[in-house]
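Close look at the chain arrangement
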Amino acid sequence: MREEEIEKLRGIVRDSMSKHLYSSAIFFSDKVAAFTSDPADIYMQAQALFLGRHYRRAFHLLNASQIVLRDLRFRYLAAKCLEESKEWDQCLLMLGDAKVDEQGNVSDLTNSNNMYLDKDGDDREINISSAICFLRGKAYEALENRAEARLWYKAAIKADPLCYEALERLTENHMLTCEEEASLLSSLQFAHGDEWVSSFYSCLVKKHDKEMVVEAKFRDVEKESSNRITTDPSIGGTLIDNTDLLVCKAEYYHQCGEYQKCFDLTSQLLEKDPFHMKCTSVHLAAAMELGQSNELYLLACNLVKDYPQKALSWFAVGCYYYCIKKYEQSRLYFSKATSLEGTFAAAWIGQGNAYAAKEEGDQAMLPYRTAVRLFPGCHLPSLYIGMEYMRTHNFKLAEQFFMQSKSICPSDPLVYNELGVVAYSTKEHKKAAWWFEKTLALIPTATTETWEPTFVNFAHTLRKLKRYDEAISCYEKALALSTTRSLAAFAGLAYTYHLQGDFSAAIEYYHKALWLKPTDEFCTEMLTLALADGSRDFVDFIPDTSP
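Residues numbered from 1 in each chain as written. Predicted model: local features only at pLDDT ≥ 70, side-chain atom pairs only at ≥ 80, totals over all residues. Heavy atoms only, no water.

Below, the discussion takes up the overall build of the chain. Broken down by element type, the chain carries 29 helices and two strands. At 30 Å, the chain has a C-alpha radius of gyration far larger than the 24 Å of a compact globule built from 547 residues. Its C-alpha atoms give the chain principal-axis dimensions of roughly 135 × 55 × 45 Å. Scored against the burial criterion, the 547 residues of the chain give a buried share of 48%. Long-range pairs, those at least 24 residues apart, make up 54% of the contacts in the chain between residues at least 6 apart in sequence. When the accessible surface of the chain is totalled, it reaches about 27700 Å², and 52% of it is carbon and sulfur. (Helix = DSSP H or I, 4+ residues; strand = E, 2+ residues; numbered from the N terminus. Rg over C-alpha atoms; globule rule 2.2 N^0.38 Å. Buried < 20%, exposed > 50% of the residue type's maximum accessible area, 1.4 Å probe, protein only. Contact = heavy atoms within 4.5 Å. Areas by Shrake-Rupley, 256 points an atom, 1.4 Å probe, with all protein chains shown as cover.)

For Thr 243, the position within the fold is in helix H13 (residues 243-256). Dropping the residues within four chain positions of it, Thr 243 is found in contact with Leu 269, Lys 272 and His 276.

As a further point, take the packing of aromatic side chains. Taken as a whole and judged by the stated rule, the model has 23 aromatic pairs. Between Phe 134 and Tyr 153, the aromatic rings sit 5.5 Å apart at their centres with planes inclined by 40°, giving tilted as the arrangement. Residue Phe 134 is found in helix H7 (residues 128-142), and its partner Tyr 153 is found in helix H8 (residues 146-159); the two are separated by 19 residues along the sequence. For the pair formed by Phe 134 and Tyr 153, the shared burial category is buried. What links up through ring pairs into an aromatic cluster is the set Tyr 297, Trp 314, Tyr 320, Tyr 321 and Tyr 333. The ring centre of Tyr 307 lies 6.0 Å from the NZ or CZ of Lys 310, which sits over that ring. The side chain of Lys 336 reaches across the aromatic face of Trp 314, ending 3.7 Å from its centre. (Phe/Tyr/Trp six-rings, centres within 6.5 Å; stacked < 30°, edge-to-face > 60°. Lys NZ or Arg CZ within 6 Å of the ring centre and 35° of its normal.)

Across the interface, helix H5 (residues 72-84) lies against H7 with an axial gap of 11 Å and an inter-helix angle of 25°. By the angle between their directions, the pair H5 and H7 is classed as roughly parallel. Our pair here, H5 against H7, has a crossing hand that is left-handed. Taken together, the residues of H7 that come into contact with H5 (itself represented by Leu 72, Arg 73, Tyr 76, Ala 79, Lys 80 and Glu 83) are Ile 128, Ser 129, Ala 131, Ile 132, Leu 135 and Lys 138. Classifying every residue of the contact of H5 with H7 gives seven nonpolar, one polar and four charged. (Axes fitted to C-alpha atoms, helices over the stretch in contact; angles between N-to-C directions. Parallel < 35°, antiparallel > 145°, perpendicular 65-115°, else oblique. Left-handed = near helix turned anticlockwise from the far one by under 90°. Nonpolar A, V, L, I, M, F, W, Y, C, P; charged D, E, K, R; others polar.)

Here Lys 427, not a glycine, exhibits a phi torsion of approximately 65°, which is positive. Here Lys 427 is to be found in the loop between helix H23 (413-425) and helix H24 (429-442). Of note, Lys 466 is a non-glycine position whose phi angle comes to about 65°, a positive value.

Let us now look at the environment of Phe 375. Considering the arrangement of structural elements, one finds Phe 375 in the loop between helix H20 (361-374) and helix H21 (380-391). With residues up to four places along the chain from it excluded, the contact list for Phe 375 reads Arg 146, Asn 173, His 174, Gly 342, Thr 343, Phe 344, Ala 345 and Trp 348.

What follows is about helix H3 (residues 39-51). When the terminal C-alpha atoms of H3 are compared, their 18 Å separation across 13 residues agrees well with the 18 Å that a helix rising 1.5 Å per residue should span. A large share of H3 lies buried, amounting to 10 of its 13 residues. Within H3, the full set of buried residues consists of Ala 40, Asp 41, Ile 42, Tyr 43, Met 44, Gln 45, Ala 46, Ala 48, Leu 49 and Phe 50. Where H3 is buried, its residues contact helix H1 (3-18), helix H2 (22-36), helix H4 (55-64) and H5. Between a side-chain oxygen at the N-terminus of H3 and the backbone nitrogen of Ala 40 the separation is 2.9 Å; the capping residue is Asp 38. A positive backbone phi angle near 65° is found at Arg 53, which sits one or two residues after H3. (Expected span 1.5 Å × (residues − 1). Polar contact = N/O pair within 3.5 Å; in protein donor to acceptor, adjacent residues only side chain to side chain.)

Our next topic: the nonpolar core. Ranked by size, the top nonpolar core spans 64 residues in total, and within it Ile 157, Tyr 201, Phe 218, Leu 284, Leu 296, Phe 315 and Phe 344 carry the most contacts. In terms of residue count, the dominant contributor to this core is helix H17 (residues 311-323) (nine residues). Beyond its immediate stretch of four places on either side in the chain, Leu 296 contacts Leu 284, Ala 287, Met 288, Cys 319, Tyr 320 and Cys 323. With 54 residues, the next largest nonpolar core counts Ala 356, Ile 443, Leu 462 and Leu 527 among its residues. (Core = buried A, V, L, I, M, F, W, Y, C linked by side-chain atoms within 4.5 Å.)

All right, on to the pattern of salt bridges then. If charged atoms from side chains of opposite charge come close, those side chains can pair. Following the criterion strictly, the structure yields 25 salt bridges and no others. One salt bridge connects Glu 5 with Arg 2, and the closest N-O pair in it is separated by 3.4 Å. Of the charged contacts in the structure, one is a salt bridge between Glu 388 and Arg 391, with a shortest N-O distance of 3.1 Å. One end of the pair is Glu 388 and the other is Arg 391, both in helix H21 and three residues apart, which spans about a single turn. Several salt bridges converge on common partners, so that one network encompasses Glu 3, Glu 7, Arg 10, Arg 14 and Asp 41. (Salt bridge = Lys/Arg side-chain N within 4 Å of Asp/Glu carboxyl O.)

In this model, H1 (16 residues) spans 23 Å end to end at C-alpha, consistent with the 22 Å of a helix rising 1.5 Å per residue. Among the residues making up H1, those that are buried are Ile 6, Leu 9, Arg 10, Val 13, Ser 16 and Met 17. Taken down its axis, H1 places every buried residue within 125° of arc, on the same side. Exposed residues on H1 whose side chains face more than 90 degrees from its buried face are Glu 4 and Lys 8. Taken together, the buried residues of H1 touch H2 and H3. Of the residues one or two after H1, His 20 is the one with positive phi, at around 60°. (Arc of directions from axis to C-beta.)

Quick look at the confidence of the model for the chain now. Taken over all residues, the pLDDT of the chain has a mean of 88, while the share at 70 or more is 90%. Taken as a whole, residues 116-121 scores under 50 in pLDDT and shows 15 contacts with residues more than four places along the chain or in a different chain. Note that residues 538-547 has pLDDT below 50 and, in this model, zero contacts with residues that lie over four places away or in other chains. (pLDDT = per-residue confidence, 0-100.)

Take Arg 391: its relative accessible area is 34%, and that puts it in the partly exposed class. Non-local contacts of Arg 391, meaning those with residues more than four positions away in its chain, are made with Glu 359 and Gly 361. Among the polar contacts made by the side chain of Arg 391, one reaches the side chain of Glu 388 at a distance of 3.1 Å.

Here's what the structure looks like:
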């Protein structure tokens with residue numbers, strides 16, 4: 001057969017694959033390979049078989065060729081076939097021996113002829129070594145060797161920063177601490193023109209930095225995309241309204257406690273892209289915090305209908321039941337989500353929270369500890385374990401887990417708040433004040449009601465230290481944030497005025513506290529004392545008018 005006729009058949013194979021006509025691609029690629037016996041055509045036939053889900057046949061074809069152990073592309077595609085067959089040990093054997101260090105540097109990689117047999121290949125490709133490192137990571141993760149998987153994912157993105165899957169695994173599966181994420185991103189070598197990718201990646205990692213730092217990251221992405229338009233007028237759009245970037249902003253709002261802002265943004269994004277899974281998960285979290293049970297119900301129904309095999313669908317059902325305080329049912333659905341996807345961090349934590357809501361601390365510890373083991377880069381499981389120990393007044397263990405959480409994520413104000421509560425509970429009031437000051441230094445400028453308990457806690461501590469004026473200021477800030485009015489803030493404010501000897505103000509705030517909870521014993525008793533002290537002062541100051 002003439003060369004031009006063979007080239008025409010190759011074109012038909014490529015076009016069939018692009019149109020997802022895999023049977024046609026398999027048929028014609030088999031004939032091309034028979035005519036030429038060219039390794040490139042054998043590789044194209046194996047690709048067609050792989051895309052047509054004939055994994056065993058594709059592996060047999062590749063393994064039978066003489067080039068499979070000498071060419072990385074043959075070996076990689078053969079390993080992909082073994083991956084799809086869930087033969088993870090064989091997959092690692094096919095990829096060859098190699099070692100990786102803690103920084104993601106690979107050594108002892110099997111020497112291969114790095115020729116590219118794809119006739120359409122060009123220089124705008126993901127490095128094949130990066131893809132191999134990523135596949136090794138997936139194999140180790142499937143074999144539950146998450147420590148080794150983490151190293152190979154780091155090696156994958158260092159080999160080629162454009163291998164987004166590696167970064168996605170590291171961040172979504174919480175494999176790195178905040179410090180490790182920052183170190184990894186700073187070590188990546190981006191090609192000229194890819195600066196916007198670097199800026200975008202910085203928005204994808206944990207967002208517990210100070211407000212100005214996070215906002216600067218978003219501005220950098222927008223600036224980079226705008227600069228590309230300036231240098232190349234043929235590019236008409238920017239990333240300012242990109243869904244992925246806006247989801248990152250929504251995550252940031254959620255971490256700041258601005259749940260309504262987060263919910264409004266994700267609602268808009270889901271109208272534009274209703275099947276964006278990451279946006280859906282952030283939307284679920286915001287709806288949970290706001291108590292939007294109707295929204296959770298509708299979203300859960302749609303997810304279960306459209307994606308019955310996805311863990312997120314059953315997680316949404318669990319969120320709905322948790323929101324309406326049916327904790328046993330929520331626990332069952334969170335458990336179902338973890339059985340479908342063992343690396344779903346939110347479902348493990350939700351399962352623990354469902355136990356904790358019923359004060360079943362021992363049962364809550366199991367999913368929390370599992371999450372600590374599976375997600376070394378997530379500080380929340382350690383934080384919740386500490387809270388459970390706090391509930392049982394085991395302050396020493398609670399502090400240990402809070403410090404562990406702080407080492408993973410040193411910029412989350414909630415961790416510092418809990419450390420302050422521990423110090424207050426152990427009567428270390430100066431230490432507690434220091435922790436609460438650290439907390440308030442880390443919270444966003446636009447303070448929301450979420451942080452009202454922190455102001456109350458700090459005010460209690462200042463009162464204990466007899467810094468009454470500062471305590472009163474903190475109580476007033478707490479009341480300004482609270483939409484439902486805080487009993488603790490009113491009672492604390494009344495008691496502080498009482499200690500200062502301002503009995504009229506104390507009586508006023510005791511009354512306000514009792515209006516919220518008429519049966520409160522402390523306020524009832526202290527109101528009686530304030531009235532007695534106030535009347536005694538009144539009698540003492542009555543002028544003597546006797547002759």
